[in-house]
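# Analysis of the macromolecular model
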Amino acid sequence: MTRDLKAPLQALRNEHRYRSRRILEGPQEPEQVIDGRPVLAFCSNDYLGLANHPQVIRAFRQGAETYGVGAGAAHLVNGHTRAHHALEDELAAFTGRDRALLFSTGYMANLGVAQALLRRGDRLFEDRLNHASLIDAAMISGARLSRYHHADAGDLARRLGKTAREEDRETFISTDAVFSMDGNLAPLEALASLADTHGCWLMADDAHGIGVLGERGAGTLEHLGLSQDQVPILMGTLGKALGTSGAFVAGPEDLIETLIQSARTYIYTTAMPAAVAEATRASLRIVQQEPERRGHLRDLVVQFREGAGQLGLELMESATPIQPIVVGASERAVQWSDSLLQQGLLVPAIRPPTVPQGRARLRVTLSATHSRAQVDGLLQALGGLVGKP
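On a predicted model such as this, the values are computed, not experimentally measured, just so you know.

Helix and strand counts for the chain come out as 15 helices and 15 strands. Taking 21 Å as the expected radius of gyration for a compact globule of 389 residues, we find that the chain reaches 21 Å, a close match to that expectation. With respect to the principal axes defined by its C-alpha atoms, the chain has extents near 60 × 55 × 55 Å. Within the chain, the proportion of its 389 residues that are buried is 53%. For the chain, the exposed surface amounts to about 17500 Å²; the carbon and sulfur share of it is 49%. Where the 40 positive side-chain charges of the chain centre and where its 44 negative ones centre are 6 Å apart.

As summarised here, the arrangement of the four strands in space is S11-S12-S15-S14, forming an open sheet in which the pairing is antiparallel. The open sheet has two free edges, formed respectively by strand S11 (314-315) and strand S14 (349-350), since each of these has just one partner strand. Bridge count for S14 against strand S15 (residues 360-365) is two bridges, and the pairing is antiparallel. Note that in S15 the partner of Ala 349 across the bridge is Leu 362. In the packing of helix H13 (residues 292-311) onto the sheet, contacts are made with S11, strand S12 (322-328) and S15, and the angle to S12 comes to roughly 20 degrees. In the packing of helix H14 (residues 330-342) onto the sheet, contacts are made with S12, S14 and S15, and the angle to S15 comes to roughly 35 degrees.

Within the structure shown, the criterion is met by one aromatic pair. Measuring from centroid to centroid gives 5.7 Å for Phe 103 and Tyr 266, while their planes differ by 65 degrees, and the two rings are edge-to-face. In this pair, Phe 103 sits in strand S4 (residues 99-103) while Tyr 266 sits in helix H11 (residues 264-267), placing the two residues 163 residues apart along the sequence. Comparing Phe 103 with Tyr 266 shows no difference in burial state: the two are buried. The ring centre of Tyr 18 lies 4.2 Å from the NZ or CZ of Arg 13, which sits over that ring.

Let us now look at H13. Between its first and last C-alpha atoms H13 spans 29 Å; for 20 residues at 1.5 Å apiece the expected length is 28 Å, and the two agree. Three or more residues of H13 are buried, namely Arg 293, Arg 294, Gly 295, Leu 297, Leu 300, Val 301, Gln 303, Phe 304, Gly 307 and Ala 308. Lining the buried residues of H13 we find helix H12 (274-289), S11, S12, S15 and helix H15 (372-385). Within two residues after H13, Gly 312 carries a phi angle of roughly 80 degrees, on the positive side.

A few words now on the sheet that holds strand S10 (residues 247-251). Strands sit in the order S4-S10-S9-S8-S7-S5-S6 across an open sheet of seven strands; the sheet is mixed. Among the strands making up the open sheet, the edge pair consists of S4 and strand S6 (144-148). Ignoring which end each strand starts from, the neighbouring axes of this sheet average 20 degrees apart. Looking at chain direction, strand S7 (residues 171-176) and strand S8 (residues 201-205) are connected through five bridges and run parallel. The residue of S8 that forms the bridge with Asp 176 is Asp 205. Contacts from helix H6 (residues 132-141) reach strand S5 (123-127), S6, S7 and S8 within the one sheet, and its direction differs from that of S5 by about 165 degrees.

Another point: the nonpolar core. Formed by 81 residues in total, the largest nonpolar core has its most connected members in Phe 42, Ile 173, Phe 248, Phe 304, Ile 325, Leu 366 and Leu 382. For this core, the element with the most residues is H12, which contributes eight residues. Setting aside anything within four residues of it in sequence, one finds Phe 304 in contact with Leu 315, Gln 323, Ile 325, Val 364, Leu 366, Val 375, Leu 378, Leu 379 and Leu 382. Counting residues in hydrophobic clusters, the runner-up holds 27 residues, among them Ala 138, Met 203, Ile 233 and Val 249.

Moving on, we get to the layout of surface pockets. Rolled over the atoms, a probe as big as a water molecule pinpoints where empty space is left. Approximately 930 Å³ is the volume found for the largest pocket. What lines the largest pocket is a set of 27 residues, among which Ser 20, Arg 22, Pro 348, Ala 349 and Ile 350 lie closest to the centre. Put simply, the parts of the chain that give the lining of the largest pocket at least two residues each are strand S2 (31-34), H14 and S14. The dominant element in the lining of the largest pocket, judged by the number of residues it contributes, is H14, at three residues. Grouping the constituent residues of the lining of the largest pocket by class yields 11 nonpolar, eight polar and eight charged. Here the second largest pocket is characterised by a volume of approximately 290 Å³. If you trace the second largest pocket, you find 16 residues lining it, with Leu 129, Asn 130, Met 181, Thr 354 and Val 355 closest to the centre.

It is worth spelling out H14 at this point. Helix length check: H14, at 13 residues, gives a terminal C-alpha distance of 18 Å against a target of 18 Å (1.5 Å per residue), a fit within 8%. Turning to H14, its buried residues are Ser 330, Ala 333, Val 334, Trp 336, Ser 337, Ser 339, Leu 340 and Leu 341. The positive-phi residue at the C-terminal boundary of H14 is Gly 344, with phi of around 85 degrees.

How each quantity is defined
- Residues numbered from 1 in each chain as written.
- Predicted model: local features only at pLDDT ≥ 70, side-chain atom pairs only at ≥ 80, totals over all residues.
- Heavy atoms only, no water.
- Helix = DSSP H or I, 4+ residues; strand = E, 2+ residues; numbered from the N terminus.
- Rg over C-alpha atoms; globule rule 2.2 N^0.38 Å.
- Buried < 20%, exposed > 50% of the residue type's maximum accessible area, 1.4 Å probe, protein only.
- Areas by Shrake-Rupley, 256 points an atom, 1.4 Å probe, with all protein chains shown as cover.
- Lys, Arg positive; Asp, Glu negative; His and termini not counted.
- Charge placed at Lys NZ, Arg CZ, Asp CG, Glu CD.
- Pairing = 2+ DSSP bridges.
- Contact = heavy atoms within 4.5 Å.
- Axes fitted to C-alpha atoms, helices over the stretch in contact; angles between N-to-C directions.
- Phe/Tyr/Trp six-rings, centres within 6.5 Å; stacked < 30°, edge-to-face > 60°.
- Lys NZ or Arg CZ within 6 Å of the ring centre and 35° of its normal.
- Expected span 1.5 Å × (residues − 1).
- Core = buried A, V, L, I, M, F, W, Y, C linked by side-chain atoms within 4.5 Å.
- 1 Å grid on protein atoms, 1.4 Å probe; cavity = no way out; pocket = protein on both sides within 12 Å on 5 of 7 lines; lining within 4 Å.
- Points joined across faces, edges and corners; volume = space filled by probe spheres on them.
- Nonpolar A, V, L, I, M, F, W, Y, C, P; charged D, E, K, R; others polar.

This is the structure we're talking about:
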C-alpha cells in the first residue's frame, strides 16, 4: 500500500462523520437487542412490520424446502425458478404494469436500467437529492448529467428547454418517488407532463413508497394516480415495506425484454434465493389483505408530527413514515442520537455528505408494529433534548 488511509479516517472522526456498525441480535422489530443492550428502534425501513411476520417466515421455510437455499446460477442460466416467475407476475399486477423483472438489490436495478437504456451523449436529468444509486447509475451510463433543484419541476423545465432534442439521442428523467432522507414526495405529476412534452423517459425509484402509499399499497404512483404511460419505468425494493430482500423494475413489455437482454446487473449475477421470492409473495398478500397496517402507520405519523410540533422541533414536509428532525450541526446530531441511545432509544444521526452541510438530522422512521405508547415515549425523550446545546 502506498496511500495513507489513517489520516482521512481520523478526519472523519474529527468532523463527527465517522460511521460505525451496530450488531443486532434477533429479528427486525421495534424492541431489539443492539450491541448487547435492549433498545426501542426508530430507524428501520420495515414500515409494515413484515420482516418478522409468521406467514412470511413460513413461506420462506417452505421455499427453502422446495428450492434449497441458493439459486445456484443467474436467471438466464438455470437460476430462474417458478417462484421467481410467479413473483414477477404478481408484482406486475400489483403495480398495474405489463411486466416486472427481479434484481438482487435496488442499487443493481438502478444501475442496470441506466446502463441498458442510456449511452454516451444521451441527456439525463436527476433531482439533486436522488439516492446514491441513481447518481452512480448516471456515472456508469456515460450520459450527460444535469441535476435540477430538489423537487423543482420549473428548474427541470428550464434545463430541458435549454438544449434542443437530438433525434438519435435519448432524454431521460429519473427521480426518487419518496426521498429517503427527507420523506417528501417528488412532483411526479409535473415531471410526467414534462416528460410527455419533451419526449423523455421518466423513471421513479419508489423504494420507500411501495407497500406504504396508495389505497392498495402499490406505492407513490398509485397514490398520485399515475399510469404506466405517464411513468414508464418503476423501480421498487422488496427489503423495506415488503420485509424481504431484493428489488424489481416494472413497466412496458419492451422495456422488460430490453433489460433481460442488456442489463449487465441482471445478466451477470446469481438470482436471489427462490425462498426469498416465496417469502415476498406472502408479503404481497398481507399488504393487500391487511390495509389496517397502513392505516395504523398513518395514525402514528400524525401523532408524531403533532407531538414534535408542540416541542418546537424542526421537521421536514413529510407525510410518510420517514420523519427527519433537523438539528443543524453534525456534532449536535451525534450528541442527540447518543443521548437517546442512553435512554434506550435507537434513532440514527444522519450527517453530510448524506445530507447537506448544516442540515444534519435525526432520521426517525415509524413502523406499523410501533404502538402509540412507544411513540409517546420517543416524544417525551425528545422533549428532554430541546433547548440543550
